[in-house]
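# Structural overview for review
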2 protein chains.
Amino acid sequence: MFSPQALQARLTDFRCRCAAAGLAATHQRFVIYRILLESKDHPSPEAVVARVREQIPSISHATVYKNIHTFVEMGLIREVNLLHQTSRLDANLDRHHHLVCEQCRKVVDFYDESLDRAQAAEPAPHGFAIRRYQVEAHGLCSECQSAGGES
Amino acid sequence: MFSPQALQARLTDFRCRCAAAGLAATHQRFVIYRILLESKDHPSPEAVVARVREQIPSISHATVYKNIHTFVEMGLIREVNLLHQTSRLDANLDRHHHLVCEQCRKVVDFYDESLDRAQAAEPAPHGFAIRRYQVEAHGLCSECQSAGGES
DNA sequence: ATAAATGCAAAGGATTTGCCGTCAA
DNA sequence: TTGACGGCAAATCCTTTGCATTTAT
């Protein structure tokens, strides 16, 4: 994911950001973050648990899950899939896109011709065959804005 | 989601497509599909179970879940979130997009300036505040193409 | 008649919770 | 010292599975 130098830089930043946020720089927390930085494959929390256990065999699921949440809140990492708690179904097959609320996970249809035209200039890497583009616009729905979406 | 006429048309189509696919036109199957057509909110399977139970109180989870899978395979409905089995994490905060394999759910980073420029021409509906755009390109990775991705 | 579909209940996997002991600051 | 953190185990939620019964064709 990162060059060795960039990796070092981020790990140093990490200590600062923990200090700034008033978070203890525990060994577990540090290893979990390093594993995430080194992972090129968008791992699941379970995969992170497995990788961390190679270095800290006794680490618990709870610790890994809690730290992942902390990192997301700090903005240190992101979830690729905002909507992963459950499947979400759509019987509307017309060309359209989705607004996804980062707070409450509401999904709203979004018809927009500019977005319909989104198309890559580069060929897809690794021989990946693209079938369709789907734009997700992430943000806050009006309810969550008024509720104070300072997440 | 659809006008009354469009709804009727789709329900008629539905019977034809079931017949064509050799699927029995059961009452349960029909009601599940109608609920999906009428739902404007991208419901979860659990939400579909709840709505169907207003009409068929005795319907089982298994029936709803199995039919949803059948409908997705037939292409009658789509999943908004291809990646919903588990969270997927990304420590790479650089601007980039994702290729998602419809078959094996692998996620590959995709850097492309054209996609970076994706932006709506229309204002977002319902006062939704867009924070960032994220393009997902859905298709088949090279491994799944060779394996015969005739899903 | 017969293959497919439903319903039930139990199992499975991911994630969260509460509580207690431990550690970083 | 002390509040935050880690570990454990149980609980929860979503989804799948196996099997016996019913139903559509």
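Just above, that's the structure.
Let me sum up the structure you'll find in this document. The written sequence of each chain sets the order in which its residues are numbered from 1. Whichever chain is written first is A, and whichever ligand is written first is 1; the rest continue in order. Per-residue local features of the predicted model are confined to residues with pLDDT of at least 70, and side-chain atom pairs are confined, for both listing and counting, to 80 or more; whole-chain, interface and lining totals are unaffected and use all residues. Hydrogens and water molecules were not included; the side-chain quantities draw on all heavy atoms of the structure.

What follows deals with the overall build of chain A. Here a strand is any run of E in DSSP of at least two residues, a helix any run of H or I of at least four, and the numbering for each starts at the N terminus. Secondary structure assignment for chain A yields 6 helices and 5 strands. Mapped in sequence order, the helices and strands of chain A form the string α-α-α-α-β-β-β-β-α-β-α. A globule of 151 residues ought to have a C-alpha radius of gyration of about 15 Å, yet chain A, at 19 Å, is considerably larger. Principal-axis analysis of the C-alpha atoms places the extent of chain A at approximately 50 × 45 × 25 Å. In chain A, which comprises 151 residues, the proportion classed as buried is 48%. Of the contacts made within chain A by residues no fewer than 6 positions apart, 45% connect residues no fewer than 24 positions apart. Counted as positive: Lys and Arg. Counted as negative: Asp and Glu, with His and the chain ends omitted from the count. Positions of charges follow a simple convention, taking NZ of Lys, CZ of Arg, CG of Asp or CD of Glu. The centroid of the 17 positive side-chain charges in chain A is displaced by 8 Å from the centroid of its 18 negative side-chain charges. Every radius of gyration here is taken over C-alpha atoms, with the globule rule written as 2.2 Å times N^0.38, N being the number of residues. The classification of residues rests on relative accessible area computed with a 1.4 Å probe and restricted to protein chains. Under 20% of the type maximum is buried, over 50% is exposed, and intermediate values are partly exposed. Working rule for contacts: check all heavy atoms of both residues, and any pair within 4.5 Å makes them a contact.

For the pair chain A and chain B, the best superposition has an RMSD of 0.1 Å and corresponds to a rotation of 180° with a translation of 0.0 Å parallel to the axis. Each copy turns onto its partner about a two-fold axis. Looking at chain A, 100% of its interface residues are interface residues in chain B too, so the copies touch through the same face. To line up the copies, we fit them by least squares on C-alpha atoms, keeping just the residues with pLDDT of at least 70 in both.

For this description, a residue counts as near a given molecule or strand if any of its non-hydrogen atoms is within 4 Å of it. Taken together, 23 residues are adjacent to DNA strand C, and Y65 and H69 of chain A together with T26, Q28 and T63 of chain B come closest. When atoms of DNA strand C within 4 Å of the protein are split into backbone and base, the sugar-phosphate part holds 78%. Between DNA strand C and the protein, one listed contact pairs a phosphate oxygen with a side-chain N or O atom of T26 of chain B at 2.9 Å. Counting of polar contacts relies on pairs of N or O atoms within 3.5 Å, with two restrictions inside protein: one atom must be capable of donating a hydrogen and the other of accepting it, and residues adjacent in sequence are counted only when both atoms are side-chain atoms. The separation between a phosphate oxygen of DNA strand C and a polar main-chain atom of S60 of chain B is 3.5 Å. Sorting the residues of the surface near DNA strand C by element identifies α3 (45-53) and α4 (61-74) of chain A together with α2 (27-38) and α4 (61-74) of chain B as the ones contributing at least two each. The element contributing the most residues to the surface near DNA strand C is α4 of chain A, with 5 residues. Classifying every residue of the surface near DNA strand C by side-chain character gives 8 nonpolar, 11 polar and 4 charged. Side-chain classes follow a simple rule in which Ala, Val, Leu, Ile, Met, Phe, Trp, Tyr, Cys and Pro form the nonpolar group, Asp, Glu, Lys and Arg form the charged group, and the remainder, Gly included, forms the polar group.

Our focus in this paragraph is the nonpolar core. Taken as a class, soluble globular proteins show a tendency for nonpolar side chains to be buried jointly. Within this scheme, the nonpolar core is defined by two criteria: the residues are buried Ala, Val, Leu, Ile, Met, Phe, Trp, Tyr or Cys, and they are joined through side-chain atoms within 4.5 Å. Ranked by size, the top nonpolar core spans 30 residues in total, and within it L99 and L115 of chain A together with L99 and L115 of chain B carry the most contacts. Those elements that place two or more of their residues in this core are β3 (97-101), β4 (107-110) and β5 (129-140) of chain A together with β3 (97-101), β4 (107-110) and β5 (129-140) of chain B. What L99 of chain B contacts, discounting residues up to four positions off in sequence, is A124, P125, F128 and I130 of chain A together with K106, V107, V108, F110 and A137 of chain B.

So, on to the packing of aromatic side chains. Residues and elements named next belong to chain A. Pairs were defined over the aromatic rings of Phe, Tyr and Trp, the Trp ring being its six-membered one, requiring ring centres within 6.5 Å. Orientation was assigned from the angle between planes: stacked under 30 degrees, edge-to-face over 60, tilted for the rest. Under the definition given, this model contains 8 aromatic pairs over all chains. When the ring of Y33 is compared with that of F71, the centres are 5.7 Å apart and the planes differ by 75°; the resulting orientation is edge-to-face. Of this pair, Y33 sits in helix α2 (residues 27-38) while F71 sits in helix α4, and the two are 38 residues apart along the sequence. As far as the burial class goes, Y33 and F71 line up, both buried. One aromatic cluster is present, built from ring pairs that chain together F14, F30, Y33 and F71.

Nothing here speaks to function; it is geometry throughout.
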